Amino acid sequence: MAPTSTKSSLKRVLLSALCLPVFAAPASADVVNYVSGAPAKDIKILKEIVKPWEEATGHTLEFTSMPPSTTDSFAQYRLWLAANNSDIDVYETDVIWAPQLANHFVDLSNAASDVIDAHFPSIIESQTVDGKLVALPLFTDAPALYYRKDLLEKHGAAVPSTWEELTATAKSVQAAERAGGQSDLWGFVWQGNAYEGLTCDALEWVKSFGGGQIVEPDGTVSINNEQAINALELAKSWVGTISPEGVLAYQEEDARGVWQTGNAVFMRNWPYAYALGNSDDSAVKDKFGVVPLPSGGSNDKSAATLGGWNLAVSKYSRNPDAAISLALYLTSPEAQKRRALELSRLPTLVSLYDDEEIKAEQPAIAEWKDIFLQAVPRPSAPTKTKYNEVSSKFWSAVHDTLSGNGSAAENLELLEIELNEIKGNSW
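Predicted model only: the values in this text are computed from it and were never measured. (Residues numbered from 1 in each chain as written. Predicted model: local features only at pLDDT ≥ 70, side-chain atom pairs only at ≥ 80, totals over all residues. Heavy atoms only, no water.)

Here we look at the sheet that holds strand β10 (residues 288-291)
Here comes step 1: The sheet built from four strands is open, its strands ordered β8-β9-β7-β10 with mixed pairing. Whereas interior strands pair on both sides, the edge strands pair on one side only; in this sheet they are β8 (186-189) and β10. Here the average twist between neighbouring strands, direction ignored, is 15°.
Here comes step 2: Across four bridges, the pairing between strand β7 (residues 144-148) and strand β9 (residues 264-269) is antiparallel. Residue Y147 lies in a different strand from β9, and its bridge partner there is F266. (Pairing = 2+ DSSP bridges. Helix = DSSP H or I, 4+ residues; strand = E, 2+ residues; numbered from the N terminus. Axes fitted to C-alpha atoms, helices over the stretch in contact; angles between N-to-C directions.)

Re the pattern of salt bridges
Here comes step 1: Taken as a whole and assessed by the stated rule, the structure comprises 17 salt bridges.
Here comes step 2: A salt bridge links R378 to E196, with the shortest nitrogen-to-oxygen separation between them at 3.0 Å. Of this pair, R378 sits in the loop between β13 (375-376) and α17 (380-383) while E196 is found in helix α9 (residues 196-208), placing the two residues 182 residues apart along the sequence.
Here comes step 3: For K393, the salt bridge identified is with E418, shortest N-O distance 3.9 Å. Note that K393 is positioned in helix α18 (residues 387-403) and E418 in helix α19 (residues 408-423), a separation of 25 residues in sequence.
Here comes step 4: Relative accessible area serves as the criterion here: at 30%, K393 is assigned to the partly exposed category.
Here comes step 5: Shared partners join several salt bridges into a network, and the residues in it are K44, E48, R338 and E342. (Salt bridge = Lys/Arg side-chain N within 4 Å of Asp/Glu carboxyl O. Buried < 20%, exposed > 50% of the residue type's maximum accessible area, 1.4 Å probe, protein only.)

What follows is the structure, given as structure tokens:
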């Protein structure tokens, strides 16, 4: 059962979303179809979180599952929305999708006017297009470096602060452990598949080396530079040495699978992997920590790709009032707190970072506040509707480099030409 505070908050949500008296029964019981590519545990918790809303409103949640690849999900979303599909009411959207899909979503500015100021302003800004709030923040995200405390202590190694240090430490610990019989251990696992996740990883390498953000906020294509080349060449050196050859096909869950079975010294991943890594069936439970991602070259600044997911209501929904009500409830303090406690999802509500229960049960969330402050956005704002093509070109050039299909210098020179062609006279 939901606590009293949750039900009280729910009444406030319903009042603002549906303009109904607090004790009035809903005019009709609607089915709200929610689509997401979230992991199975997230969906399980979502279905539990939503029960008080279903009881109070009479509405019912139906869930449509998407593949874990954000690239595949985005492609399907675009097809549905272009066809004015009315079967989906609420879309769970990546932080970068707002400028590309805004015309298909309801403006939530009025419905959320009482709660907008409670969220981090930068996140609200990321979901505001032409003055319209097209999605409500569900949780924010920034990746971290996961490290095995026990293995570093065993081998007298420090937590690396640079990519060069990580490379050396991963190599030495991997070699020592394999010599001791741990033949399946790898030094570092990450996301190397040719998809949006590789854009995130590679942006962090490039930015942390001082090589810019692919396309700068003013629209300048900046990717072809010496620092970016050095970053990608270092990453290329990991494949087949401290990272398995198969890392070139890894997405988030593939990396977590290796890590959680105890077969990696370091991992780059998002906050969701923290709670799962400390689950009872995890081989690394209580054996790891997290720190900001390393810096590189002569640069001394970490970079973590700004992530996060949001809830958008389709303009083509048959049940927009119920859909807005659901979006408001799932982004409320009560829902975000439970998601933080059970899934280690980072709240978008500033006040929850000072919540004593969250601090006690999920101390890593407090640590992630510092990581979040190092977050760098992908260039979706300057490239607007062309972002998906820009990202695809970038991850393809990076994947070619990592795979040995051309050098970083060659591939980034070609990428610069391609991005300027996409840009044309303006983004």
